[in-house]
Amino acid sequence: MRRSEPVSGEFYRHFKGKLYQVLTVAKDSGTGKEQVVYQALYPPYEKWVRELSEFMGPVDRKIYPDAQQQNRFELVAPDCFGETVSQAEPEKEKKELALVTDAELEKALKTGQPERYLAGRIEGDEIARRGFLLLLDAGTFREKRQIFLGLKQYLDARLLGNIAVALDIVLEDGDTQQQYESILSCLDKFEHYEGGRLR
C-alpha cells in the first residue's frame, strides 16, 4: 500500500529516534522532483530538505539491520509521539478545535491563568495537547517558558517526557513535580542564554 504524502504541520519520527515537523513539500526547480522541507524538534531546530521518495522510503536494512521501524520516517501522533496515526484523524481534529483559536489559547496560557479565560470552552486534555504544539512552535525560549508555565496544571508524566524529548532535555527519575521543575530550570537557562546572545 502506497503511503500518503506528508502534509505541512505533521510530525514524523526518524528511525534513529529524533522527532521532526514537516514544513512543506516543494519541487526542485532543476529536477522537478518533490522535496520535503522539515524541521528538527530539538536544538538548534535546524531545517532540512530531502527528496520525497527518500523521506517516505524504507530503512536500508543492509546498513541498519537493527532499526526499530520499517520506514525512514514514520508519521506519529502529536500528543504521544509514539502511536502511528491514520490520515483521517487530522480532519476530525480540525473540526473539534474550532471553538478556541490557537491565538486565544496561546494568549490564555501566557497569562498563567488559562482556566480563567477558557473555562467551559475547551477540555483540559485539549489544552495540554494543543498547548504542547504551541510550545514547540514558539519562536523564542521566553515564549516557550511562558506557555510551559501556563500548562503546569495540565501536564502529566507522558507530556513532560514529550516536552523533554522535543527540547532535547534528559530528565532524571522523579515525580511529575520534580520533572516539571527540571524542565522549567532548563527553559530558564535557555532563555537566559538566548537573551545574552542577542545583546
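Residues numbered from 1 in each chain as written. Predicted model: local features only at pLDDT ≥ 70, side-chain atom pairs only at ≥ 80, totals over all residues. Heavy atoms only, no water.

(A) Main features of unusual backbone geometry. Unusually for a residue other than glycine, Y45 sits at a positive phi of about 55°. Tracing the backbone through its elements, the reader meets Y45 in the loop between β3 (34–40) and β4 (47–51). (Helix = DSSP H or I, 4+ residues; strand = E, 2+ residues; numbered from the N terminus.)

(B) Spatial organisation of the confidence of the model for the protein chain. Taken as a whole, the protein chain shows an average pLDDT of 83; of its residues, 85% reach a score of 70 or greater. At the level of individual helices and strands, the protein chain shows its lowest average pLDDT in helix α2 (residues 89–96), which scores 45, and its highest in β4, which scores 94. In this model residues 81–98 is a low-confidence stretch, pLDDT under 50, and it forms 24 contacts with partners more than four residues away in sequence or in other chains. (pLDDT = per-residue confidence, 0-100. Contact = heavy atoms within 4.5 Å.)

(C) Representation of the packing of aromatic side chains. In total, this model carries 10 aromatic pairs according to the counting rule given. Plain terms: the ring middles of Y38 and F73 are 5.2 Å apart, the flat faces sit at 70° to each other, and that makes the pair edge-to-face. With a gap of 35 residues between them, Y38 in strand β3 and F73 in strand β5 (residues 73–76) connect regions that are remote in the sequence. F73 matches Y38 in its accessibility class, with the two residues each being buried. (Phe/Tyr/Trp six-rings, centres within 6.5 Å; stacked < 30°, edge-to-face > 60°. Buried < 20%, exposed > 50% of the residue type's maximum accessible area, 1.4 Å probe, protein only.)

(D) Inspection of the nonpolar core at higher detail. In this structure, I127, F148, L155, I163, L167 and I183 are the most contacted members of the largest nonpolar core, which totals 36 residues. Looking at this core, the elements with two or more residues in it are α3 (102–111), α5 (124–137), α6 (141–150), α7 (157–166) and α8 (176–198). Broken down by element, this core gets its largest block of residues, seven residues, from α5. Not counting chain neighbours up to four residues away, the residues in contact with L167 comprise L41, P43, Y45, F141, K144, I183, L187 and F190. Among the nonpolar cores identified, the runner-up in size contains 12 residues, and Y12, V22, Y38 and F73 belong to it. (Core = buried A, V, L, I, M, F, W, Y, C linked by side-chain atoms within 4.5 Å.)

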